[in-house]
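# Fold and geometry: a report
The residues making up each chain are set out below.
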Amino acid sequence: MKNITTKQFQILTDNQLVWDFMTETFAEDYSGGVPAPFFEYALTSSWMDKRYLHLCRLWLDGDKVAAFAFMESPATAIFFNLRPGYEELAGEMIDYAREYMPGGEAEQELVLFSGQTALIAAAEQRGYTVAWEEGDYVIDFDTAELDHRLPEGYCFADPLKCDPVRLAECMWKGFDHEDKGPFVNWDAPIPDDSSWNPPKAYNGIISSIMSPPPHSTYGKDILIANADGEYVCYAGMWWVERCGLAYMEPLCTVPEHRGKGLAAAALSELYRRLKPLGAKMMTGGGSEFYRRIGYNRQIRWLHMKKA
């Protein structure tokens, strides 16, 4: 007999609860909702607005999590994870989001996946329609293969022995932040007062490296250096052994080293290292780059808004 209760998310006590729930219910078509690293990565990011975390809600059946509704970025993008067998909660989850999540109906978008049929039906009954959709490429390890080699003049570096500040600089450049100014002026003296304020993105990247998320697997990241030892390409990896998921995030290449096959080589190396460990699939992104190098399936994201 089900005994459903609810509680609001608390960041210092509930992260493990949510992680376990999302890994237990993970489905390769995301029919149960997003994978666990998606939420934890957002929690440790600089872009998620943490002011609204108390609005995220858990539905519990005794000690077991049955459902979770949360926002990512922007705070008006609402996601839903629902355990199979608890589809009757779908309407209640959407009603809660409509009333209490940031933005209200005019600004909110419900982010669902094509396999979340109960939630889609409940949203449609309440006047929501698909405003737009997108696809993220993934690769199934049993039906496809990545075999792109590292070009001459580059090598793989040990992510556990890397310089974290230089890695942060690689990501600063790799995500095209140089138009905001230099990553940091290494020659400038640091003031002896509180007037030194590094750029926001600098702070966000440094903090995410210096304070690893609880379930990060940085030892499985791929880091590529050039002949001068500079880091020029980075592919992060969250290895979730419990469900055979290789969750790749983030991926970037320093602009002057693009077009040489470094990102394809990094993902291929992840494929080679993780397949023997039992990996079933690896995530990618929406760019056609992933399809060109061998990713063989798309997961459809449905962005629903009030008609």
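Here is what the cut-offs are and how they apply
- Residues numbered from 1 in each chain as written.
- Predicted model: local features only at pLDDT ≥ 70, side-chain atom pairs only at ≥ 80, totals over all residues.
- Heavy atoms only, no water.
- Helix = DSSP H or I, 4+ residues; strand = E, 2+ residues; numbered from the N terminus.
- Contact = heavy atoms within 4.5 Å.
- Phe/Tyr/Trp six-rings, centres within 6.5 Å; stacked < 30°, edge-to-face > 60°.
- Buried < 20%, exposed > 50% of the residue type's maximum accessible area, 1.4 Å probe, protein only.
- Axes fitted to C-alpha atoms, helices over the stretch in contact; angles between N-to-C directions.
- Parallel < 35°, antiparallel > 145°, perpendicular 65-115°, else oblique.
- Patch = residues over 30% accessible without salt bridge, like charges linked within 9 Å, V, L, I, M, F, W, Y side chains within 5 Å.
- Areas by Shrake-Rupley, 256 points an atom, 1.4 Å probe, with all protein chains shown as cover.
- Salt bridge = Lys/Arg side-chain N within 4 Å of Asp/Glu carboxyl O.
- Lys, Arg positive; Asp, Glu negative; His and termini not counted.
- Charge placed at Lys NZ, Arg CZ, Asp CG, Glu CD.
- Polar contact = N/O pair within 3.5 Å; in protein donor to acceptor, adjacent residues only side chain to side chain.
- Pairing = 2+ DSSP bridges.

The next thing to look at is the environment of G278. Locating G278 in the fold gives a position in the loop between helix 8 (262–274) and strand 11 (281–283). Once the C-alpha coordinates of G278 and E241 are considered, the two residues, 37 residues apart in sequence, prove to be 7.5 Å apart. Once you skip the residues sitting within four places of it in the chain, G278 turns out to touch W239 and G244.

So, on to the packing of aromatic side chains. Under the criterion given, the structure shown has 19 aromatic pairs. On the numbers, 5.4 Å between centres and 80° between planes, the contact of F9 with F39 is edge-to-face. With a gap of 30 residues between them, F9 in the loop between strand 1 (4–8) and helix 1 (15–24) and F39 in helix 2 (residues 36–43) connect regions that are remote in the sequence. The class for F9 is buried, based on a relative accessible area of 3%. Each ring, one from F39 and one from F70, has its centre 4.9 Å from the other, and the planes form 65°; the classification is edge-to-face. Of the two residues, F39 is situated in helix 2 and F70 in strand 3 (residues 64–71); the sequence distance between them amounts to 31 residues.

The next thing to look at is the packing of helix 1 against helix 2. At a closest axis distance of 8 Å, the pairing of helix 1 and helix 2 adopts a crossing angle of 155°. Judged on the interaxial angle alone, helix 2 and helix 1 are roughly antiparallel. Together, N15, V18, W19, M22 and T23 of helix 1 and A36, P37, F39, E40 and L43 of helix 2 make up the contact between the two elements.

To continue, consider a negative patch on the surface. A surface patch of negative charge is lined by E178, D179, D228, E230 and E256. Looking at the element boundaries, D179 is found in the loop between helix 6 (164–174) and helix 7 (200–210). By relative accessible area, which is 69% here, D179 ends up exposed.

Let us look at the environment of I139. Secondary-structure assignment places I139 in strand 6 (residues 128–140). For the pair I139 and R291, spaced 152 residues apart in sequence, the C-alpha separation works out to 9.1 Å. In this structure, I139 is in contact with A144, E145, L146, Y271, K280, M281, M282, G294, Y295 and N296, ignoring residues within four places of it in sequence.

With that out of the way, let us pick up the side chain of R83. Within the secondary structure layout, R83 lies in the loop between strand 4 (77–82) and helix 3 (90–100). Each residue touching R83, except ones within four places of it in the same chain, is listed here: F21, E24, T25, K64, V65 and A66.

The tally for this structure, following the rule as stated, stands at 19 salt bridges. For the salt bridge of R272 with D147, the shortest nitrogen-to-oxygen distance reads 3.4 Å. Separated by 125 residues along the polypeptide, R272 in helix 8 and D147 in the loop between strand 6 and strand 7 (154–157) bring together distant segments of the chain. For D147, a relative accessible area of 44% puts it in the partly exposed group. E169 is the partner of K173 in a salt bridge, and the nearest nitrogen-oxygen pair spans 3.7 Å. Note that K173 and E169 are positioned in helix 6 at a spacing of four residues, about one turn of the helix. Residue K173 is classed as partly exposed on the basis of its relative accessible area of 22%. When salt bridges with common partners are traced through the structure, they connect D95, R98, E105, R126 and K306 into a single cluster.

What follows concerns the side chain of E109. You can see E109 is positioned in strand 5 (residues 109–113). Buried and without a salt bridge, E109 has K305 as its closest oppositely charged side chain, separated by 4.9 Å. Among the polar contacts listed, one links the side chain of E109 to the side chain of H303, at a separation of 2.7 Å. Among residues more than four places away in sequence, those in contact with E109 are T76, A77, I78, W132, H303, M304 and K305.

Turning to the sheet that holds strand 5, a few remarks are in order. The strand order across the open sheet formed by 12 strands is 1-2-3-4-5-12-6-11-10-9-8-7, and the pairing between neighbours is mixed. Looking along the sheet, the strands with just one partner apiece sit at the ends: strand 1 and strand 7. The mean angle between the axes of side-by-side strands here comes to 25°, regardless of whether they run parallel or antiparallel. In this structure, strand 10 (residues 245–253) lies alongside strand 11, joined through two bridges in parallel fashion. From the neighbouring strand, A246 faces strand 11, where its bridge partner is M282. Its contacts with the sheet put helix 1 on strand 2 (57–61), strand 3, strand 4 and strand 9 (231–240), and the angle it makes with strand 3 is roughly 105°. The strands touched by helix 2 are strand 3, strand 4, strand 9, strand 10 and strand 12 (297–306); relative to strand 10, the strand with the most contacts, the crossing angle is about 45°.

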